[in-house]
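Descriptive structure summary
Spelled out, the chains give:
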Amino acid sequence: MLADLHAHTWYSDGSLAPEALLARAADNQLTCLAITDHDTTAALDTIAPHWIAPGLSLIQGVEISSLWERQEIHVVGIGIDRHDTTLQTLLLGQQALRRERAAEMDMRLKKAGVTGLQAYLADLPCTAVGRNHVAQFLIDKGVARSKEHAFKNFLGDRGKYGATARWCSIGDAVTAIDAAGGIAILAHPNRYKISNPALRRLVSEFKVAGGQGIEVSYSNLDPDRMDHLASLCLSNELWASTGSDFHTPTNHWMDLGKFRYLPARCADRAIWLHPEWPGRGKAMTASVINGA
Ligand code: AMP
Ligand code: MN
Ligand code: MN
Ligand code: MN
């Protein structure tokens, strides 16, 4: 089982179309892929059955930006019904927040004499505009040297052109995923700028809110941190998930399926053993694709 349960398409800030992402998943020998775009399920509406290689299960997913104690925390939902109205109402709100945030960034950029962000964004295929797109715009304009430079100097919390969004609460994200029949998973827990005690509190509050899983293995995670996440997973009786957070082939260190095996002590908490594992019946078969 090589299950990559965290990946993006160009409907959020990934660079690939869904068809190309699915082809890459097959090339990289995945048996299971969840498409988890930021705050949108638009990619899932475009899937043609013949894009899914034999032996590959495609699982409907999403990654919701949320707030916990003023920290931005990402919650992945897998095995969702993308037609669920509670979920879609929340996602439409999040997409509006993204557009408002982009408008604020555009205003700041214009004041500094950098024009054209809105036109640039309007030409993209995405449904959920993000800072990655703004970073690319800044590179194209010669304002930033790289994505890292753009985030560090311009788009971070205190960045010159950065703007924050008042995302939904972490509880609302979990509730919406649950309403849509999905499993809520705490995404990339070591990427938040919080202390270890705060992370412990986050994980236990996530569980109390109805969260069921935690990403234990993902790209670029060192073994010590992975071991720490395994402990948090076990002590909170969560399911252990794996996902690359793939965005683009250019970031070769975050490629599909590129992460360590789950630590042995987590093996019987692997998410594919969950009683409601979506790969066992809720994967995208032709009938799901056609809207059933
Ligand atoms: P957003 O959801 O629009 O606020 O943007 C967050 C996304 O930006 C993340 O999912 C990453 O894809 C990307 N990102 C965040 N920080 C960085 C960074 N330092 N360098 C490159 N990409 C980043
Ligand atoms: Mn992203
Ligand atoms: Mn994320
Ligand atoms: Mn992601």
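Criteria and thresholds
Numbering of residues begins from 1 in every chain and follows the order in which that chain's sequence is written. Think of it this way: whatever chain is written first is A, whatever ligand is written first is 1, and the rest follow in order. In view of the model being predicted, local features appear only for residues whose pLDDT reaches at least 70, and side-chain atom pairs are presented and counted only at 80 or more, with totals across whole chains, interfaces and linings using the full set of residues. Calculation of side-chain values draws on the structure's entire complement of heavy atoms; hydrogens and water are dropped beforehand. Nonpolar cores were defined as sets of buried Ala, Val, Leu, Ile, Met, Phe, Trp, Tyr and Cys residues, with membership established by side-chain atoms within 4.5 Å. Working definition: with a 1.4 Å probe on protein chains only, accessible area under 20% of the residue-type maximum means buried, over 50% means exposed, and in between means partly exposed. Throughout, a residue-residue contact means that at least one pair of heavy atoms, one from each residue, lies within 4.5 Å. Donor selection uses N, O and S atoms within 2.8 Å of the metal (3.2 Å for Na, K and Ca). Since no water is included, sites may look incomplete. A run of DSSP states H or I qualifies as a helix once it reaches four residues; a run of E qualifies as a strand once it reaches two. Both are numbered from the N-terminal end. Starting at the helix axis, one direction is taken to each C-beta atom, and the arc is that of these directions. Being near a molecule or strand, for a residue, means having at least one of its heavy atoms within 4 Å of it. Two N or O atoms count as a polar contact when they lie within 3.5 Å, although within protein this holds only if one can serve as hydrogen donor and the other as acceptor, and sequence-adjacent residues are included solely when both atoms are side-chain atoms. Ten residues, namely Ala, Val, Leu, Ile, Met, Phe, Trp, Tyr, Cys and Pro, are considered nonpolar, four, namely Asp, Glu, Lys and Arg, are considered charged, and the remaining ones, Gly among them, are considered polar. Domains are outlined according to an automatic or database domain assignment. Here a site with four donors is tetrahedral if all angles are between 85 and 135 degrees, and a site with four or six donors is square planar or octahedral if opposite donors are over 155 degrees apart and the other angles are between 65 and 115; anything else gets the irregular label. At least two bridges found by DSSP between two strands is the condition for calling them paired.

**A few points about the nonpolar core**
Counting 51 residues, the largest nonpolar core has Ile64, Ile78, Val216 and Ile271 as its most contacted members. Residues in contact with isoleucine 64, not counting those within four places in the same chain, are Asp39, Ile73, His74, Val75, Leu87, Leu90, Leu91, Gln94, Cys168, Ala173 and Ile177. Residues Leu16, Leu56, Leu58 and Phe246 belong to the second largest nonpolar core, which totals 21 residues.

**Quick word on the coordination of the manganese ion (ligand 3)**
Around the manganese ion (ligand 3), the protein contributes the donor atoms Glu63 (OE), His74 (ND1) and His188 (NE2), which lie 2.1 to 2.2 Å from the metal centre. In this structure, the manganese ion (ligand 3) lies 5.6 Å from the manganese ion (ligand 2). Of the two residues, histidine 74 sits in strand E4 (residues 71-78) while histidine 188 sits in the loop between strand E6 (183-186) and helix H7 (196-208), which places them 114 residues apart along the sequence. Under the relative-accessibility criterion, histidine 188 is labelled buried at 6%.

**Considering helix H5 (residues 147-155)**
Those residues of H5 that fall on the buried side of the exposure criterion are His149, Ala150, Phe154 and Leu155. Considered in projection along H5, the buried side chains sweep an arc of 140 degrees and stay on one side of the axis. For H5, the exposed residues lying more than 90 degrees away from the buried face are Glu148 and Lys152. Of the surrounding secondary structure, the elements contacted by the buried residues of H5 are helix H2 (85-111) and helix H4 (131-140).

**Regarding the environment of alanine 198**
Among the secondary structure elements, alanine 198 is positioned in helix H7. With 129 residues separating them in the primary sequence, alanine 198 and glutamate 69 have C-alpha atoms 9.9 Å apart.

**Examining the site of ligand 1**
Looking at ligand 1, the residues that line it are Asp13, His38, Arg98, Arg101, Gly130, Arg131, Asn132, Glu148, Phe151 and His247. One of the side-chain nitrogen or oxygen atoms of arginine 98 is found 3.0 Å away from an oxygen atom of ligand 1. Every element with two or more residues in the shell around ligand 1 is listed here: H2, H4 and H5. Its residues assigned to classes, the shell around ligand 1 comprises one nonpolar, four polar and five charged. Each of domain 1 (3-83 + 170-289) and domain 2 (91-155) gives at least three residues to the shell around ligand 1.

**Regarding the coordination of the manganese ion (ligand 2)**
Taken together, the protein ligands of the manganese ion (ligand 2) are Asp13 (OD), Asp13 (OD), His38 (NE2) and His247 (NE2), with distances of 2.2 to 2.8 Å. Coordination at the manganese ion (ligand 2) comes from six donor atoms whose angles at the metal span 51 to 160 degrees, giving a geometry best classed as irregular. Positions of the donor residues of the manganese ion (ligand 2), expressed as sequence spacing, correspond to D-x24-H-x208-H. Take aspartate 13: its relative accessible area is 15%, and that puts it in the buried class. Taking the relative accessible area as the measure of exposure, histidine 247 reaches 11% and is therefore buried.

**A look at the pairing of E6**
Where burial is concerned, the two faces of E6 agree: the one with Ile183 and Ile185 and the one with Ala184 and Leu186 are both buried. The pairing of E4 with E6 spans four bridges and is classified as antiparallel. Across the sheet, residue glycine 77 finds its bridge partner in E6, namely alanine 184. Of the pairings in the sheet, the one linking E6 to strand E7 (residues 213-218) comprises two bridges and is parallel in character. Bridge assignment links isoleucine 185 to a residue of E7, and that residue is glycine 213.

**What to know about the pairing of strand E3 (residues 57-68)**
Regular strands show a simple pattern: their side chains alternate between the two faces of the sheet. For E3, a buried count of 10 out of 12 residues is recorded, marking the element as mostly surrounded by other parts of the structure. Across four bridges, strand E2 (residues 32-35) lies against E3 in parallel orientation. Note on E3: the bridge partner recorded for leucine 33 is leucine 58. Hairpin connection between E3 and E4: a loop of two residues separates the two successive antiparallel strands, and glutamate 69 in this loop has a positive phi of roughly 50 degrees. For E3 and strand E5 (residues 168-169), the ladder comprises two bridges, and the chain directions are parallel. Across the sheet, the residue bridging to leucine 67 is serine 169, located in E5.

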